[in-house]
Each structure stands twice: as C-alpha cells, then as structure tokens.
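# Residue-level structural notes
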Amino acid sequence: MKKLILATHNRHKCDELLELMKNSREVVSLDDINITEDIPETGNTFMENARQKAEYVRQRMGDEVEILADDSGLEVFALGGEPGVLSARYAGEAHNDNANTAKLLENLKNSDDRSARFVTVLAYMHNGQTEFFEGEVRGTIINECRGNGGFGYDPVFVPEGYEQTFAEVSAEVKNSMSHRGNAFRAWKKSLEE
C-alpha cells in the first residue's frame, strides 16, 4: 500500500481523508513523521498556501514521497471574501474556532446577505510534479452556533439544500458534499484515470 503524507497537524482533516480514502492508501500526518512545527502560510491565495505546505514537507522528506496539502477556508460574500485564507486565524490566535466564529458573526450582524462558500485547494506533489484540485460548497451563515460535530465554522454554515449546519449533519453526509470532499474526489478521480 502506498504511503501518502497529509501535510497537516489537524486531526479532523486526517480523519476526513481517511474516511474518503477507504483504505486505498496508508495516510500519515505531520505528527506521524515527527514534523512538529507549524508550516508557514504566507500566501495570498488558497493555492499558494497549499503549494507552500507541500513544498515544506518535500524539502524535509525528499522527492520520493507523495504529499497532499490543502488550504481551506470560508469566504463570506458580504465581507468581500473574508475570512478567506485567514480563516484559521481570523480572530488573531490561530485555530481558535470559538473566537473566529464570534468575530464572523459580529462582522455580519448588520448584513442581510449571509451567503458564503467553503473552498478547498489541494496540492498533490509526486514525482517532481504538483497538481491542484479545488472543491467548494455554497451555503448560508446563520446567526448562532448549532450542532456538536465538525470544526471551525461548521456550526454556523448551512449548505444549500439543507436546514442543518455542517455541525449537525453526520460526518458521512458532510463528506458527501463538503468542499474538502469535493476536492478529494477530484484528486482521487485523477489517480484512477
């Protein structure tokens, strides 16, 4: 079974990928290969950040490995695309989901337009090449958090065609339509072709 390095410390992302991969590859995270530092994310786009993460791992592990890196975020149209590439650190401190969500809701409190989209860009680095795959899901930001599942902005995001937030639906339902799921499926399809 081929080994794939997922360039993240985020356990939620690893779990989502493992569910989507259905044991077709051995997936290891940065923690599994003893890369403990945070990878810099200094790009202005999801694509730049995904490439930067993949390259960071390649420099430490060599050209023989397969690497999958992603950058994901929430774009709210009334806020000009914010939080965008700053989604994980929107409120300042990195990966504070509650603070990020609180800031988002505060910034939207006077807005009638609550439309948004989650975006994922994957960078797949292998054999000296990098390929990119994008996925998105559109929906609406609600006024208060609902649900106990998911992570990040999931408790305030209701995907189109649903009444539940991403935090209220099962992981299986979320993966079937999520931005990350759509990007992973595009990547997986390319492997099969």
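Predicted, not measured: the structure shown is a model, and the values here were computed from it. (Residues numbered from 1 in each chain as written. Predicted model: local features only at pLDDT ≥ 70, side-chain atom pairs only at ≥ 80, totals over all residues. Heavy atoms only, no water.)

Turning our attention to helix 2 (residues 46-61). If you check helix 2, its first and last C-alpha atoms are 23 Å apart, about what 16 residues at 1.5 Å a residue would give, namely 22 Å. Burial in helix 2 covers these residues: Phe 46, Asn 49, Ala 50, Lys 53, Ala 54, Tyr 56 and Val 57. End-on view of helix 2: buried residues confined to an arc of 150 degrees, all on one side of the axis. Gly 62 sits one or two residues past helix 2 and shows a positive phi near 100 degrees. (Helix = DSSP H or I, 4+ residues; strand = E, 2+ residues; numbered from the N terminus. Expected span 1.5 Å × (residues − 1). Buried < 20%, exposed > 50% of the residue type's maximum accessible area, 1.4 Å probe, protein only. Arc of directions from axis to C-beta.)

The subject of this paragraph is the sheet that holds strand 6 (residues 157-159). Taken in spatial order, the six strands of this open sheet run 2-1-3-4-5-6, and their pairing is mixed. On the outer flanks of this sheet lie strand 2 (26-29) and strand 6, each paired with one strand and no other. The average angle at which neighbouring strand axes cross in this sheet is 35 degrees, direction not considered. Relative to strand 5 (residues 129-141), strand 4 (residues 115-126) runs antiparallel, the two sharing 12 bridges. For Tyr 124, the partnering residue across the bridge sits in strand 5 and is Glu 131. (Pairing = 2+ DSSP bridges. Axes fitted to C-alpha atoms, helices over the stretch in contact; angles between N-to-C directions.)

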